[in-house]
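# Working through the structure, step by step
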Amino acid sequence: MKRLRITGWKQRRNLSLLAVKGWPWAGVNALAGAFTQARINLPFLLMHGGKGGVRVGLCLETANSPQALALAQELAQAHGWPTPRVREPVIALTFYPLAAGMALPAQALACLATVGLKPLALGTSLAAMTVILPEDQLAAAVEALGSRFDLPPGGSPPEEQVSVVQSPLSREG
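Residues numbered from 1 in each chain as written. Predicted model: local features only at pLDDT ≥ 70, side-chain atom pairs only at ≥ 80, totals over all residues. Heavy atoms only, no water.

### Concerning the overall build of the protein chain
What the protein chain contains, in helices and strands, is four helices and eight strands. Its helices and strands in sequence order give the protein chain the pattern β-β-α-β-β-α-β-α-β-β-α-β, from N to C terminus. Within the span of the protein chain, comprising 173 residues, buried residues form 36% of the whole. Pairs at least 24 residues apart make up 76% of the contacts formed inside the protein chain by residues separated by at least 6 positions. Carbon and sulfur atoms make up 56% of the accessible area of the protein chain, which totals about 10000 Å². (Helix = DSSP H or I, 4+ residues; strand = E, 2+ residues; numbered from the N terminus. Buried < 20%, exposed > 50% of the residue type's maximum accessible area, 1.4 Å probe, protein only. Contact = heavy atoms within 4.5 Å. Areas by Shrake-Rupley, 256 points an atom, 1.4 Å probe, with all protein chains shown as cover.)

Dropping the structure here:
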């Protein structure tokens, strides 16, 4: 099987995955507003809506996990929505760009499946694919994916070096 060439990948550690299932869209919007007020950043967000409500996977820095869970639980209890759950620690592996088209997600999932790994969440765009896995599966995931993808030397830093945070200042208007 031909190896796929990618131009880079990065990993993001120290994350928690907050799972919300069966909430209405208004509830997810209220939670997003609460996170904004609390200045909780979301490095990765995956949403899926249906008749039974919204299913959301929110990755956030592990340090913010207790506060985020408390806010989500407060909303759930106040409105009778299903209780949110937290999974930690998790890691986000991002591959870019999707030079191989949509073959990249299919091939990545197949590689992970061959070693028994199942992503907790997965998101794709035209530019990248992000896989969320339990952090203890990092070594197995990197080994499996490295057997299928070619990465140029120096294509990406091995560890997270940049983090985006919200400014304490707000703009008017």
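Next comes the rest of the account.
### Observations concerning the packing of helix α3 (residues 103-114) against helix α4 (residues 138-146)
Where α3 meets α4, the closest approach of the two axes is 9 Å, and the angle between their N-to-C directions is 125 degrees. With respect to α4, the element α3 is oriented oblique. Helix-helix and strand crossings are classified by hand; for α3 and α4 the assignment is right-handed. Residues Ala108, Cys111 and Leu112 of α3 touch α4, and the partners they reach there are Ala141, Ala144 and Leu145. Considering only residue class, the contact of α3 with α4 consists of six nonpolar, no polar and no charged. (Axes fitted to C-alpha atoms, helices over the stretch in contact; angles between N-to-C directions. Parallel < 35°, antiparallel > 145°, perpendicular 65-115°, else oblique. Left-handed = near helix turned anticlockwise from the far one by under 90°. Nonpolar A, V, L, I, M, F, W, Y, C, P; charged D, E, K, R; others polar.)

### Examining the pairing of strand β5 (residues 85-96)
Pairing geometry for strand β2 (residues 8-23) and β5, over nine bridges, is antiparallel. Within β5, the position partnered with Leu18 by the bridge is Val86. For β5 and strand β7 (residues 129-134), the ladder comprises six bridges, and the chain directions are antiparallel. Within β7, the position partnered with Phe95 by the bridge is Met129. (Pairing = 2+ DSSP bridges.)

### Side note on the sheet that holds β2
Strand order in this open sheet of six strands is β3-β4-β2-β5-β7-β6, and the pairing throughout is antiparallel. Single-partner strands in this sheet number two, and they are β3 (44-50) and β6 (121-124). Adjacent strand axes in the sheet meet at a mean angle of 25 degrees, parallel and antiparallel pairs treated alike. Relative to β7, β6 is paired through four bridges, and the arrangement is antiparallel. Directly across from Thr124, in β7, lies its bridge partner Met129. Contacts between helix α2 (residues 65-79) and the sheet are confined to β2, β4 (53-61) and β5, with β2 contributing the most and set at about 20 degrees to the helix. Sheet strands in contact with α3 are β5, β6 and β7, and its direction is about 20 degrees off that of β7.

### What about the nonpolar core?
Leu93, Phe95, Leu112, Leu133, Leu145 and Phe149 are the most contacted members of the largest nonpolar core, which totals 18 residues. Contributing elements (two or more residues each) for this core: β5, α3, β7 and α4. Top contributing element to this core by residue count: α3, with four residues. Setting aside anything within four residues of it in sequence, one finds Phe95 in contact with Ile6, Gly8, Trp9, Leu104, Ala127, Ala128, Met129, Val131 and Leu145. Judged by nonpolar contacts, the second largest core, of 16 residues, contains Leu60, Leu75, Ala76 and Trp81. (Core = buried A, V, L, I, M, F, W, Y, C linked by side-chain atoms within 4.5 Å.)

### Brief notes about a nonpolar patch on the surface
On the surface, Trp25, Leu42, Leu45 and Met47 cluster together into a nonpolar patch covering about 360 Å² of accessible area. Note on Leu42: relative accessible area 31%, which makes it partly exposed. (Patch = residues over 30% accessible without salt bridge, like charges linked within 9 Å, V, L, I, M, F, W, Y side chains within 5 Å. Salt bridge = Lys/Arg side-chain N within 4 Å of Asp/Glu carboxyl O.)

### Notes on the pairing of β7
Counting buried residues in β7 gives six out of six residues, a clear majority hidden from the surface. From the end of β6 to the start of β7, which pair antiparallel, there are four residues.

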